[in-house]
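A structural walkthrough
Below are the chains, spelled out letter by letter.
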Amino acid sequence: HDVCMGIPTEFANSTAGNGSQISGYLWSFGDPSSVTDTCSAKHPTYQYGNSGAYNAELIATNTIGCADTIIHTLTVHPLPSARFDYSVSCAGYKTHFTDASDTVNAPLSNWRWDFMDISGPIGFSHAVNPDFLFTEAGDYKARLIVTDANGCLDTLQKQVTAHPVPVSAFDINDNYENVQGKILLNNGTIDASHYEWDFGNGFTSSAENPTVAYNKD
């Protein structure tokens, strides 16, 4: 049987007395990293500390003193490592999420994305690299659960801040400085820090309140 790291292995004892009464069990879970990997319970549970292949041994003894031994090999699979990145998030525009998970030794088979605000879930996706639109500015949570071909999974959650979108606005003061064709652009934009102006005549500017002179109709 195979298990995933971090999940206890449950051993189901199906020993038959074969006409006699069982007096005891001795389990050895084959874990070289532990000196306490033995047990006398009938149906024990053991958690391995490392991934790898292990030989679990059961010795059953009856009241006459006769014993029988059985060994099963099990594999403890390492977990995938959930990782992701996301683009700058602006309220009202799609935020792109990119899976960057480490598959360790088995390919990923399933992706589960959950998007949450302070009140709870607001959306989900099973895409590898989904887009999600946060309608309002604020702090949100994005959670990724990845599952590999062995059925092992890992989870990662991050906070995502959706930033407010600036509102562009300006008006024109023409014949600026008493020069015909020269205009001053009065910037009335809300919630902005950088500006890119295109004057339509081949010239641009990054000033907040630029001036431009037009010499043609």
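Residues numbered from 1 in each chain as written. Predicted model: local features only at pLDDT ≥ 70, side-chain atom pairs only at ≥ 80, totals over all residues. Heavy atoms only, no water.

**Remarks on the side chain of Ser125**
- Mapped onto the elements of the fold, Ser125 is located in strand 11 (residues 120-125).
- At 3.0 Å, the side chain of Ser125 forms a polar contact with the backbone nitrogen of Ala127.
- Excluding its chain neighbours within four sequence positions, the residues that come into contact with Ser125 are Trp111, Arg112, Trp113 and Pro130. (Helix = DSSP H or I, 4+ residues; strand = E, 2+ residues; numbered from the N terminus. Polar contact = N/O pair within 3.5 Å; in protein donor to acceptor, adjacent residues only side chain to side chain. Contact = heavy atoms within 4.5 Å.)

**Details of the nonpolar core**
- Phe97, Trp113, Phe115 and Phe134 are the most contacted members of the largest nonpolar core, which totals 15 residues.
- Elements represented by at least two residues in this core include exactly strand 10 (108-117), strand 13 (138-148) and strand 14 (153-162).
- With 13 residues, the next largest nonpolar core counts Val3, Tyr46, Ala60 and Leu74 among its residues. (Core = buried A, V, L, I, M, F, W, Y, C linked by side-chain atoms within 4.5 Å. Buried < 20%, exposed > 50% of the residue type's maximum accessible area, 1.4 Å probe, protein only.)

**Things to note about the state of the cysteines**
- Taken as a whole and assessed by the stated rule, the structure comprises one disulfide.
- One disulfide bridge connects Cys4 with Cys152, the sulfur atoms lying 2.1 Å from each other. One disulfide, between Cys4 and Cys152, carries an S-S torsion of -90° and so falls in the left-handed class. Here the residue Cys4 occupies a position in strand 1 (residues 2-4), and Cys152 occupies one in the loop between strand 13 and strand 14, the gap between them amounting to 148 residues.
- Under the relative-accessibility criterion, Cys152 is labelled buried at 0%. (Disulfide = S-S within 2.5 Å.)

**Thoughts on the pairing of strand 9 (residues 94-99)**
- Only one face of strand 9 is covered, namely the one carrying Thr95, Phe97 and Asp99; the face carrying Lys94, His96 and Thr98 has none of its residues buried.
- Across three bridges, strand 8 (residues 84-86) lies against strand 9 in antiparallel orientation. Its bridge partner being in strand 9, Tyr86 is matched across the sheet by Phe97. (Pairing = 2+ DSSP bridges.)

**Observations regarding the sheet that holds strand 12 (residues 131-133)**
- Strand order in the open sheet formed by three strands is 8-9-12, and the pairing between neighbours is antiparallel. A strand with exactly one partner marks an edge of an open sheet, and here the two such strands are strand 8 and strand 12. Neighbour-to-neighbour, the strand axes of this sheet turn through a mean angle of 25°, independent of strand direction. (Axes fitted to C-alpha atoms, helices over the stretch in contact; angles between N-to-C directions.)

All quantities given are derived from atomic positions and should not be read as evidence of function.
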